[in-house]
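# What the coordinates show
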Amino acid sequence: MSTSSEASPPIDDAAVEEGHADYGRIHFRIPKETLQPESEQELAETLQAKAAKGEAVAIRNTGHSTNGQTLTDATQIDISRLAGARFDEANRIVYAGPAASWDSVIRTAQFPRYAPPIFPNNPGQQIRVGGTASVGGVGFYCSKYGGFWNHVSSLRLVTMGGEIIDCSPDTNADLFRYSLGGYGRIGVITEVGVDVLPSKPKILALVLVYWNDETFHRDLKKALDDPELDGVAAQQDLSGWEARVLRVLGVDLKLIVVMREVDDGVDAEAVADEIRDRYDEELTLFVEAGADVTGLGLSRKPELFDKEYVVYFTPSEQSWWSGLWSKILALFGKESSSTVDVEKLCHPWTDCLVAPERYEEFLPGAVEIIHRHGMAEHLEKESFINGLVDIDSFVTFGIKRRWERPEDRLPLSLDLPDVEKFTLGVAVMPNVTRDQLDAGIAMSRELTDHVYACGGRRYLYGTHDLTREQVETHYGRSTLDRWQALKDEHDPHHLLNIGVIEHLDE
Ligand SMILES: Cc1cc2nc3c(=O)[nH]c(=O)nc-3n(C[C@H](O)[C@H](O)[C@H](O)COP(=O)(O)OP(=O)(O)OC[C@H]3O[C@@H](n4cnc5c(N)ncnc54)[C@H](O)[C@@H]3O)c2cc1C
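Residues numbered from 1 in each chain as written. Predicted model: local features only at pLDDT ≥ 70, side-chain atom pairs only at ≥ 80, totals over all residues. Heavy atoms only, no water.

## Overview of the site of the ligand
I59, T62, S65, N121 and Y459 are the nearest of the 33 residues found near the ligand. At a separation of 2.3 Å, an oxygen atom of the ligand approaches a polar side-chain atom of T62. The contact in question runs from an oxygen atom of the ligand to an N or O atom on the side chain of N497, over 2.9 Å. Isolated, the ligand exposes 940 Å² of accessible area, and the fraction of that covered by the protein chains is 96%. Within the residue set of the shell around the ligand, elements represented by two or more residues are α4 (129-135) and β9 (188-195). The element that contributes the greatest number of residues to the shell around the ligand is α4, accounting for 5 residues. Residue classes in the shell around the ligand are distributed as 15 nonpolar, 17 polar and 1 charged. (Near = heavy atom within 4 Å. Polar contact = N/O pair within 3.5 Å; in protein donor to acceptor, adjacent residues only side chain to side chain. Areas by Shrake-Rupley, 256 points an atom, 1.4 Å probe, with all protein chains shown as cover. Helix = DSSP H or I, 4+ residues; strand = E, 2+ residues; numbered from the N terminus. Nonpolar A, V, L, I, M, F, W, Y, C, P; charged D, E, K, R; others polar.)

Written out as structure tokens, the structure reads:
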């Protein structure tokens, strides 16, 4: 595995093209061999054989992590054949192989009859459930249901010694607790029991618009704590002509998108009025369905749309203006050319987690760092008003606290331990060319220092190069001690997924 603290080899574009990189396209490694076990049993035998020879392995799922966690120059184990999912409707659990895509989990749950409480926000839901369980798992509905780790009822693990172990909150509880968010350090997850809930078919989504900072912060806290809302996310635009014009006018525009699941045929107007009564936004807009699930628009009138739009919708940049420009050029027999090949962009993504009481301190500092490194222009964009305006995907989401007693908190989860009601996640997702990568990594490092200084943490699927102190602050000494004891017990020679978290395998 490669981490940014190691000297990275010079970038080999051909190797990156051949899939020896991850989504980040920052690190690459060419494995000496790639094995694709067909079954859990074959995986167990493979790991046992490698352990006997003292050979390191790295587990690869879809490689949507961005820090080289899945890369190795030793043996790569590609688990993509361990897919498949079945539904135990009586207990409302989908049992999924680690390589089952979220799409297959959602369909196996007979969506929209049932749905997992938490589902990621990914185009077509192609990322896989075993990878998500291994890194964390957050989505639109975390403000109501907490993170994905709260909705896993059981796991099956294969250890480096080839043991196959069932675990749950009651059986082999420590293995269960240290696998969720554990980056595959103590075993490979070969089955995930995903809880599902009865679902409603329709959504009403309001976009609450603020230019008063104080009201925004007050209403965001209120919305995150509002039991009537299923999804809450805040958004701010840092770049683009609209943001520049507003900044010149001294307007700091922020949005809160709130969602409520409803049955077919409810009175959208009445539900909208009831929600609006509780908030002090300056302007209200409503989300409306577009032609397909990749397109949502905005309207002045409340409208219900299918929940499928929320589950499958990933609003990517769609500039209406460049579409128009292409059409004009086409009239003259010309093609529009873009100098940027989006497939070749690198992704120094740097999502941060912070307690609500430090958010007002964290946010302006983060915005300043993003601007200073020239990254505001490169943040992932989301299309609004059917591509007329592309807004930076600089999103804040809430993760509800679900544990009562401190000992019930999952130790490697994204929940900050001291929060009273919820942790806030802030997504910072720049997409840059290789020439701009140094600036992106410099931003990532500085944001990382800033979030730890604000008592927060990083979401470690993203780009990072933590100091020893930051790793210690992140997990806390007692969690690290227990995690290392489990590692030493189940992988005594530290061969499985070594280096996924800095300093733990040295
Ligand atoms: C476009 C995009 C959208 C994303 N959206 C979300 C989102 O909405 N919510 C969210 O929480 N995260 C999101 N992520 C972050 C995160 O990368 C994914 O949740 C996760 O990586 C998906 O699983 P994967 O199969 O790609 O895992 P990989 O990247 O392949 O693996 C991640 C880590 O887990 C280990 N691992 C993978 N599978 C197993 C296993 N079965 N057993 C043990 N260890 C394993 C790997 O070795 C590696 O260390 C997103 C990332 C991208 C790039």
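This is not the end of the story, as more comes after the structure.
## Observations concerning the pattern of salt bridges
All told, the structure shown has 37 salt bridges when counted by the stated rule. The salt bridge involving K221 is made with E360; its shortest N-O contact spans 3.9 Å. Taken together, the positions of K221 in helix α7 (residues 213-224) and E360 in helix α12 (residues 356-372) put the pair 139 residues apart, joining distant regions of the chain. Here R358 and E361 are joined by a salt bridge, their closest N and O atoms 2.8 Å apart. Residue R358 and its partner E361 are located together in helix α12, separated by 3 residues, close to a single helical turn. Relative accessible area serves as the criterion here: at 28%, R358 is assigned to the partly exposed category. (Salt bridge = Lys/Arg side-chain N within 4 Å of Asp/Glu carboxyl O. Buried < 20%, exposed > 50% of the residue type's maximum accessible area, 1.4 Å probe, protein only.)

## Notes on the sheet that holds strand β2 (residues 57-60)
Sheet strands pair by backbone hydrogen bonding; their relative direction is either parallel or antiparallel. Judged by pairing direction, the sheet is parallel, and its 3 strands sit side by side in the order β1-β3-β2 without closing on themselves. What marks the edges here is a single partner per strand, and that holds for β1 (33-35) and β2. The average undirected angle you get between the axes of adjacent strands in this sheet is 25°. Contacting β1, β2 and β3 (75-78), helix α2 (residues 40-53) runs over the sheet at an angle of about 170° to β3. (Pairing = 2+ DSSP bridges. Axes fitted to C-alpha atoms, helices over the stretch in contact; angles between N-to-C directions. Contact = heavy atoms within 4.5 Å.)

## Structural notes on the pairing of strand β7 (residues 152-158)
Most of β7 is tucked away: 5 of the 7 residues are buried. By the bridge criterion, 6 bridges tie β7 to β9 in an arrangement that is antiparallel. For V152, the partnering residue across the bridge sits in β9 and is V194. Here 4 bridges tie β7 to strand β8 (residues 164-167), and the two strands are oriented antiparallel to one another. Opposite V158, over in β8, you have I164 as the bridge partner. The loop that links β7 with its antiparallel partner β8 comprises 5 residues; one of these, G162, has a positive phi angle of about 90°.

## Considerations on the packing of α7 against α12
Following both chains from N to C, one finds α7 and α12 inclined at 145°, their axes separated by 12 Å at the closest point. Handedness of the crossing formed by α7 with α12: right-handed. Of the residues in α12, those touching α7 at F216, H217, L220 and K221 are P356, Y359, E360 and L363. Residues of the contact of α7 with α12, tallied by class, amount to 5 nonpolar, 1 polar and 2 charged. (Left-handed = near helix turned anticlockwise from the far one by under 90°.)

## What about the confidence of the model for the protein?
Per-residue confidence for the protein gives a mean pLDDT of 90; residues scoring 70 or more make up 88%. Contacts of residues 1-7 to residues separated by more than four positions or lying in other chains number 26 contacts, the stretch itself having pLDDT below 50. For this predicted complex, the interface score ipTM comes out at 0.99, alongside a pTM of 0.93. (pLDDT = per-residue confidence, 0-100.)

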